[in-house]
Amino acid sequence: MAMTTCLTWMQEKKLQNHFGEKQFSLLYKASVHEFSSESLLQRCSKQGPIITVIHSEDHILGAYVPKSYPEYCFIILFAFQETTISQCKIGPFQLSMLFCESDRNSEFNINLEKKEVAISINTMGKLGLPQCDISFQECEVFRCEDLLDKRRMDGLTELRESLLTAIRTYEPYGGRVRQVRILLLGPIGAGKSSFFNSVKSVFRGHVTNQALVGSKTTGESEKYRTYFIKDGKDGNTLPFILCDSMGLSEKEEGLHMDDIPYILEGCIPDRYQFNSMKPFTPGLGNYTGCPMLKDRIHCVAFVFDANSVGHLSDEMVEKIRRIRRELIKCGVVHVVLLTHVDTLDLITKGDLIDIYRCVPVKVKLEAVHRELGFALSDIFVVSNYTSQWELEPVMDVLNLSALRQMLWAADDFLEDLPLEETSRCF
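A quick note: this is a predicted structure, and the numbers were derived from the prediction, not measured. Each chain has its residues counted from 1, following the order in which its sequence is written. With pLDDT at 70 or above as the cut-off, local features in this predicted model cover only qualifying residues; side-chain atom pairs require 80 or more to be listed or tallied, and sums for whole chains, interfaces and linings still use all residues. The side-chain quantities take in all heavy atoms of the structure and omit both hydrogens and water.

### Re the overall build of the chain
Where we set the bar: Segments assigned H or I by DSSP are reported as helices when at least four residues long, segments assigned E as strands when at least two residues long, and all are numbered from the N terminus. C-alpha atoms define the radius of gyration in this analysis, and the globule rule sets the expected value at 2.2 Å times the number of residues to the power 0.38. Relative accessibility decides the category of a residue: with a 1.4 Å probe and only protein chains considered, values under 20% of the type maximum give buried, values over 50% give exposed, and everything between is partly exposed. For this analysis, residues touch if any pair of their heavy atoms sits within 4.5 Å.
Within the chain one finds 10 helices and 16 strands. Relative to the 2.2 N^0.38 estimate, which gives 22 Å for 426 residues, the radius of gyration of the chain is 27 Å and therefore markedly larger than a compact globule would have. Counting over 426 residues, the chain shows a buried share of 53%. When contacts within the chain are restricted to residue pairs at least 6 apart in sequence, long-range pairs at least 24 apart make up 66% of them.

Quick look at the structure:
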C-alpha cells in the first residue's frame, strides 16, 4: 500500500516552490517505519537532497538537507507561519546529527524515540517559534528532485516528437476530407488566437505570432480566419485547419449568435469581417452557397481563460449553452481548452508535466463541468506562448496533446455522418 503524506497539497506545493521547484518522493514515515533514527537513516542514506517534515499539533517545521548523507553540508531549517515559510541556516552538519541525543548539535535536534524537537532560543527566534520544546505526532522524509531534471526533459522531448509524428501522419476518418476544420470559440480575450500561434510555433520550430493578439478586453480577432499551417520540417500543409472567430461577449461587441450556424455549415469565407450589430447575410461577398463537407466545421473547441472561467456571467453561460444546443443539433463534437493555467496561484512551469493533478486546475475543471455541463474527459489544459522567446517542450506537449484529442473528435464527427452527407466530400 502506497504511503501518503500528511501535508496538504497547498503545504507541499509551498515547500516545493520555496526550495526551487522540487518534486517530493516520500521515503520515510515514522508511523509506518517506526520512530527510530536508525530506520530513518537506513531509508534516507545516499538519496540526494532530502527534506524532513515534523508535524506537531500546532506547527509544521523541518529541515532541508541539500546533500546526501553522510556528507556534511549547511542545513536549512524552516517553519510554516500561517501561509508563509520562515527559514534559517545551520551547520555544516551531517543528517545524523539532527537525530542524535548528544550535544553535538544544540541548535536543532529531533528525538524520534521521544517524539520531541529541541530548538535553541536563537533558532526559535529566527523561525518565529515559541520558546519551548515541541512534541510531535509524525515525521516524514522526502527525496527532493528537480521537477525539470534531465531525465524528465528527455522524456518530454521524446513524447513531443511522438505527438508531432502522430499529427503529421494523421489522416481524417475514411478519407472523406483532406483536412479537418477546428473552430475556436470563446469569450473575448480567452486566448483563441494565442492557441493558434502556439500550435503554429511548434510546427515551425520557433515562436511565431501570425494571428493578432491583444490585451484589450475587446480582443483583436474581428475577422473570420481559416489558418492552414505548413510544417517547417518538410513544407507540407498539415492535415488540419484552425478557424479563428470573433470573441463571444454578453455585450453587443462580440460575435453575433446568428453567425454561428453559417460558420458551422462552411458558408462564411476566410477574412470575412464580422459585424456585431449585423449578422452574416447569404449572398454577401464570397458567400459559399453550397458548401461541401471539406468546408464544414468538424470539431469546435471552446476556449476559456482558467482565471475567469469560474466567474462567467449568467448571460455568457446561457450563450455557451445555446451554442452547445446548436452544435448538438448539427452533430458537431465539441471540447474545451483551458488557457493561462500557468498563471494560477502556486502553479509553475514544472507543474505542467502533470498539470491535471494540481489542485487549482482540478478546481477549474470541476467549475467548467458544473457550470457549463462539459464532461471532464472533454476538458483539456493548454499553455500558450504569450511572452516566451523560445519553444518549451513541456508547453508543446500540452498543446499537441489537446490538438490530437481534437483530431480524434473530428474523426468522431466524420464517422457519425449520415450516408447522404458523405457524398459531398471534396
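### Section: the side chain of Ser-36
What counts here: N or O atoms within 3.5 Å of each other form a polar contact, as long as, within protein, one can give a hydrogen and the other can take it, and as long as residues adjacent in sequence are counted only when both atoms are side-chain atoms.
Locating Ser-36 in the fold gives a position in the loop between α2 (30-33) and α3 (37-44). Judged by its relative accessible area of 15%, Ser-36 is buried. Side-chain polar atoms of Ser-36 contact the backbone nitrogen of Glu-38, separated by 3.3 Å. Residues contacting Ser-36, with those up to four places away along its chain left out, are Tyr-28, Leu-112 and Glu-113.

### Quick notes on the domain arrangement of the chain
Keep this limit in mind: What marks off one domain from the next here is an automatic or database domain assignment. Accessible surface is computed with a 1.4 Å probe, and the buried area is the amount of it that two parts give up when combined, taken over both parts together. What counts as a salt bridge is simple: a side-chain nitrogen of Lys or Arg found within 4 Å of a carboxyl oxygen of Asp or Glu. Side-chain classes are defined by residue name, with Ala, Val, Leu, Ile, Met, Phe, Trp, Tyr, Cys and Pro counting as nonpolar, Asp, Glu, Lys and Arg as charged, and the others, Gly among them, as polar.
Domain boundaries assigned for the chain yield domain 1 (9-146) and domain 2 (150-416). Between the C-alpha centres of domain 1 and domain 2 the distance comes to 46 Å. Opposite the 9 residues of domain 1 that make contact, domain 2 presents 11 residues. Together, the buried faces of domain 1 and domain 2 total about 780 Å²; carbon and sulfur atoms form 52% of this surface. It is Trp-9, Lys-13 and Glu-21 that lose the most area in domain 1 upon contact with domain 2, and together they represent 59% of the buried surface on that side. Taken together, the connections running from domain 1 to domain 2 amount to 1 salt bridge. The salt bridge partner of Lys-13 is Asp-351, with a shortest N-O separation of 2.4 Å. Our enumeration of links across domain 1 and domain 2 arrives at 3 residue pairs in polar contact (both at pLDDT 80 or more). When contributions to the side of domain 1 that touches domain 2 are tallied by element, the ones reaching two or more residues are α1 (9-18) and β9 (138-146). The element that contributes the greatest number of residues to the side of domain 1 that touches domain 2 is α1, accounting for 5 residues. Of the residues contributing to the side of domain 1 that touches domain 2, the split by class is 2 nonpolar, 2 polar and 5 charged.

### Focus on the packing of aromatic side chains
The condition that has to hold: Here a pair means two rings of Phe, Tyr or Trp (six-membered ring of Trp) with centres within 6.5 Å. Their orientation is stacked below 30 degrees between planes, edge-to-face above 60, and tilted elsewhere. Charge-over-ring placement is defined geometrically: NZ (Lys) or CZ (Arg) within 6 Å of the ring centre, and within 35 degrees of the ring normal.
All chains considered together, the criterion is met by 9 aromatic pairs. The structure contains a cluster of three or more aromatic residues connected by ring pairs, namely Phe-19, Tyr-64 and Phe-78. Seen from the ring of Phe-74, Lys-89 lies directly overhead, with NZ or CZ sitting 5.7 Å from the centre. Directly above the aromatic system of Phe-374 lies the positively charged group of Arg-324, at a separation of 4.1 Å from the ring centroid.

### Digging into the pairing of strand β12 (residues 237-244)
Inclusion rule: Here, strands pair whenever DSSP counts at least two bridges between them.
Counting buried residues along β12, 7 of its 8 residues qualify, which places the element largely inside the surrounding structure. As judged from the 5 bridges shared by strand β11 (residues 223-230) and β12, these two strands associate in the antiparallel manner. Directly across from Arg-225, in β12, lies its bridge partner Asp-244. Taking the residues between adjacent antiparallel strands as the criterion, β11 and β12 are bridged by 6 residues, where Gly-235 takes a positive phi near 80 degrees.

### What about the sheet that holds β12?
Across the sheet, 7 strands lie side by side as β13-β11-β12-β10-β14-β15-β16; this open sheet has mixed pairing. Both outer strands of the open sheet, β13 (272-273) and β16 (379-381), are each paired with one neighbouring strand and no more. Relative to strand β15 (residues 333-339), strand β14 (residues 299-305) runs parallel, the two sharing 7 bridges. When the sheet's bridge partners are listed, Phe-304 is paired in β15 with Leu-338.

### Overview of α1
Basically, it comes down to this: Summarising the geometry, the arc corresponds to the directions from the helix axis toward the C-beta atoms.
Within α1 the residues assigned to the buried category are Glu-12, Lys-13, Leu-15 and Gln-16. Here the buried residues of α1 occupy an arc of 165 degrees about the axis, which is enough to place them on one side. Looking at the buried positions of α1, the neighbouring elements they touch are β1 (22-29), β2 (50-55), β4 (73-81) and β5 (84-93). Looking one or two residues past α1, Gly-20 carries a phi angle of roughly 95 degrees, positive in sign.

### Quick notes on the nonpolar core
When a protein is soluble and globular, its nonpolar side chains tend to lie buried together. Inclusion rule: For our purposes a nonpolar core is just a set of buried Ala, Val, Leu, Ile, Met, Phe, Trp, Tyr and Cys residues, chained together by side-chain atoms within 4.5 Å.
Within the largest apolar cluster, 87 residues are counted, with the highest numbers of intra-cluster contacts made by Phe-203, Phe-240 and Phe-302. Look past the residues within four positions of Phe-302 in its chain and what remains in contact with it is Leu-185, Ile-320, Ile-323, Arg-324, Leu-327, His-334, Val-335, Val-336, Leu-337 and Phe-374. Formed by 35 residues, the second largest nonpolar core is a distinct cluster that contains Tyr-69, Phe-99, Leu-127 and Val-141.

### What about the packing of helix α6 (residues 192-204) against helix α10 (residues 393-415)?
In plain terms, the rule: Axis geometry follows a simple rule: fit a line to the C-alpha atoms, using only the stretch in contact for helices, then measure angles between N-to-C directions, giving values from 0 to 180 degrees. What sets the label is the angle itself: under 35 degrees gives roughly parallel, over 145 gives roughly antiparallel, 65 to 115 gives roughly perpendicular, and the rest give oblique.
Following both chains from N to C, one finds α6 and α10 inclined at 105 degrees, their axes separated by 10 Å at the closest point. Taken together, the axis directions place α6 and α10 in an arrangement best described as roughly perpendicular. Side by side, α6 and α10 meet where Phe-195, Ser-198, Val-199, Val-202 and Phe-203 of the first sit next to Asp-396, Asn-399, Leu-400, Leu-403 and Met-406 of the second. Partitioned by chemical class, the residues of the contact of α6 with α10 number 7 nonpolar, 2 polar and 1 charged.

### Side note on a negative patch on the surface
Note the cut-off: Surface patches are drawn from residues lacking salt bridges whose relative accessible area is over 30%; two like charges belong together within 9 Å, two nonpolar side chains (Val, Leu, Ile, Met, Phe, Trp, Tyr) within 5 Å. Only the protein chains shown count as cover for residues, and all accessible areas are computed by the Shrake-Rupley method using a 1.4 Å probe. We treat Lys and Arg as the positive residues and Asp and Glu as the negative residues; His and chain ends play no part in the count. A single reference atom marks each charge: NZ on Lys, CZ on Arg, CG on Asp, CD on Glu.
A surface patch of like charges, here negative, comprises Glu-250, Glu-252, Glu-253, Asp-314 and Glu-315. Here Glu-252 lies in the loop between β12 and α7 (259-265).

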